[in-house]
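# Summary of structural features
Residues per chain are reported as follows:
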Amino acid sequence: MTSLDQLAQHAAERVAAAQQRLSLRELRRQALALPKGRFAFEHALQKPGISFICECKKASPSKGILAEDFPYLYIARAYEDAGADCISVLTEPKWFLGSDAYLQEIAAAVSIPCLRKDFTISDYQIYEAKLLGAQAVLLICSILSPEQLRTYIQLCDELGLSALVEAHDAAEISMGLTAGARIIGVNNRNLKDFSVHTDNSCALRKLVPKEVLFVSESGVQSAADVEKLQQTGADAVLIGEALMRAPDKKARLSELRGA
């Protein structure tokens, strides 16, 4: 079983436990009672130039603890002050040490859109994301069937949430486009062995139509990386480790922006 398989399996276990506390029917009722979202996440990526999705995460399976001290609200506000366009918040608790509470509090504290970064294997998690204040969810092609992906994108549309559809190769990009993805994210980190190659985004960009937003995820370490991806045609970069390890996150983001 790969690490990604383990993450997906644990997500299923978490959903099963959550449904013991709150039924899908009641969760759905609460989510649909909220105002429909306005797809703020994808609108933030449509601005001229390259957009920055900055990540709040305490740990990762490949790198271990990234931040012993994790003042997540301070980090999120620093990102916003530094000109981040969106914030990605890890809610996976076992390997990334994330929490739903982090997302809920960050979404309430900042004015820029938040992505729920988790391993979505159930519609339950999409309704949860809506209630937690997210404006987008991550849908990973390699842990979903084509039918699930299509259904979850449609559910996001119903709730007014954006779906960041993550692919790692040409087949998964095709799967995402067929399912109706408006945002394709290419993960430069192979979640099966955690190797990182930013050239993966450059190679796959040409497979995504220009009207579909393109996000390069993981492995971005320098302003030169950002410039290369922008010249390739990326609309946005999602940056985690490079920012989380920086003592001064505002200065690091300014550096990555080439300021």
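If you look the protein up in an unreviewed UniProt entry, it shows as Indole-3-glycerol phosphate synthase from Ruminococcus champanellensis.

## A word on the overall build of the protein
A tally of helices and strands in the protein yields twelve helices and ten strands. A compact globule built from 259 residues would reach a C-alpha radius of gyration of about 18 Å, and the protein, at 17 Å, matches this within 12%. A buried classification covers 55% of the 259 residues belonging to the protein. Taking all contacts inside the protein whose residues are at least 6 apart in sequence as the whole, residues at least 24 apart take part in 68%. Averaged over its 29 positive side-chain charges, the protein has a centre that lies 2 Å from the centre of its 32 negative ones.

## A closer look at the sheet that holds strand β1 (residues 51–56)
Backbone-to-backbone hydrogen bonds pair the strands of a sheet. The strands run either parallel or antiparallel. Read around the barrel, eight strands follow the order β1-β4-β5-β6-β7-β8-β9-β10 and close on themselves; strand pairing throughout is parallel. Sheet twist, expressed as the average angle between the axes of neighbouring strands with direction ignored, equals 25°. Relative to strand β7 (residues 162–167), strand β6 (residues 136–140) runs parallel, the two sharing five bridges. Across the sheet, the residue bridging to leucine 139 is valine 165, located in β7. Packing against the sheet, helix α5 (residues 100–109) makes contact with β1, β4 (86–90) and β5 (114–117), and its axis sits at approximately 175° to β5.

## Regarding the nonpolar core
Membership of the largest hydrophobic core comes to 91 residues, with the highest contact counts inside it found for Leu45, Phe52, Tyr79, Ile87, Ile106, Leu139 and Leu149. Setting aside its immediate chain neighbours within four residues, leucine 149 contacts Leu139, Cys141, Leu144, Val165, Met175, Gly176 and Ala179.

## Brief notes about the packing of helix α6 (residues 123–132) against helix α7 (residues 146–159)
A packed helix pair is summarised by two numbers, namely the angle formed by the two axes and the spacing between the axes. Closest axis-to-axis distance for the α6/α7 pair is 10 Å, and the angle between their directions is 25°. On the basis of their axis angle, the class for α6 and α7 is roughly parallel. Where α6 crosses over α7, the handedness of that crossing is right-handed. Residue-level contacts link Asp123, Ile126, Tyr127 and Lys130 of α6 to Tyr152, Leu155, Cys156 and Leu159 of α7. Among the residues making up the contact of α6 with α7, the classes are represented as six nonpolar, no polar and two charged.

## Some words on the packing of aromatic side chains
Counted under the stated rule, the structure contains four aromatic pairs. Through a chain of ring-to-ring contacts, three or more aromatic side chains come together here, namely Phe70, Tyr72 and Tyr102. Against the face of phenylalanine 39 rests arginine 182, its NZ or CZ located 5.2 Å from the ring centre.

## Quick notes on the side chain of aspartate 225
Residue placement: aspartate 225 occurs in helix α10 (residues 223–232). Although buried, aspartate 225 forms no salt bridge, and the nearest oppositely charged side chain, lysine 228, lies 4.9 Å from it. Look past the residues within four positions of aspartate 225 in its chain and what remains in contact with it is Gly219 and Val220.

## What to know about empty space enclosed by the protein
According to the stated counting rule, one finds one cavity of 30 Å³ or more in the structure shown. Considering only enclosed or pocket space, the largest cavity measures out at about 60 Å³ in volume. Of the residues that constitute the lining of the largest cavity, the class distribution is seven nonpolar, two polar and three charged.

## Comments concerning the pairing of β1
Burial within β1 is extensive, with six of its six residues counted as buried. Burial along β1 is two-sided: the residues Ser51, Ile53 and Glu55 and Phe52, Cys54 and Cys56 are all buried. Note: β1 against strand β10 (residues 236–239), four bridges, orientation parallel. Counterpart to serine 51 in the pairing with β10 is alanine 236. Bridge count for β1 against β4 is four bridges, and the pairing is parallel. Counted as the bridge partner of isoleucine 53 is cysteine 86 from β4.

## Description of α5
What α5 keeps buried is the set Tyr102, Leu103, Ile106 and Ala107. Angular distribution of buried residues about the axis of α5 spans 120°; they occupy a single face of the element. Lining the buried residues of α5 we find β1, α4 (72–81), β4, β5 and α6. Capping of α5 at its N-terminal end is provided by serine 99; its side-chain oxygen lies 3.0 Å from the backbone amide nitrogen of alanine 101.

## Section: the pairing of β10
The side-chain alternation of β10 yields two buried faces, one formed by Ala236 and Leu238 and the other by Val237 and Ile239. Bridge count between strand β9 (residues 213–217) and β10: three bridges; the pairing is parallel. Counterpart to valine 215 in the pairing with β10 is alanine 236. As a crossover connection, the stretch from β9 through α10 into β10 is right-handed.

What counts and what doesn't
Residues numbered from 1 in each chain as written. Predicted model: local features only at pLDDT ≥ 70, side-chain atom pairs only at ≥ 80, totals over all residues. Heavy atoms only, no water. Helix = DSSP H or I, 4+ residues; strand = E, 2+ residues; numbered from the N terminus. Rg over C-alpha atoms; globule rule 2.2 N^0.38 Å. Buried < 20%, exposed > 50% of the residue type's maximum accessible area, 1.4 Å probe, protein only. Contact = heavy atoms within 4.5 Å. Lys, Arg positive; Asp, Glu negative; His and termini not counted. Charge placed at Lys NZ, Arg CZ, Asp CG, Glu CD. Pairing = 2+ DSSP bridges. Axes fitted to C-alpha atoms, helices over the stretch in contact; angles between N-to-C directions. Core = buried A, V, L, I, M, F, W, Y, C linked by side-chain atoms within 4.5 Å. Parallel < 35°, antiparallel > 145°, perpendicular 65-115°, else oblique. Left-handed = near helix turned anticlockwise from the far one by under 90°. Nonpolar A, V, L, I, M, F, W, Y, C, P; charged D, E, K, R; others polar. Phe/Tyr/Trp six-rings, centres within 6.5 Å; stacked < 30°, edge-to-face > 60°. Lys NZ or Arg CZ within 6 Å of the ring centre and 35° of its normal. Salt bridge = Lys/Arg side-chain N within 4 Å of Asp/Glu carboxyl O. 1 Å grid on protein atoms, 1.4 Å probe; cavity = no way out; pocket = protein on both sides within 12 Å on 5 of 7 lines; lining within 4 Å. Points joined across faces, edges and corners; volume = space filled by probe spheres on them. Arc of directions from axis to C-beta. Polar contact = N/O pair within 3.5 Å; in protein donor to acceptor, adjacent residues only side chain to side chain. Right-handed = clockwise from strand over helix to strand, strands pointing away.

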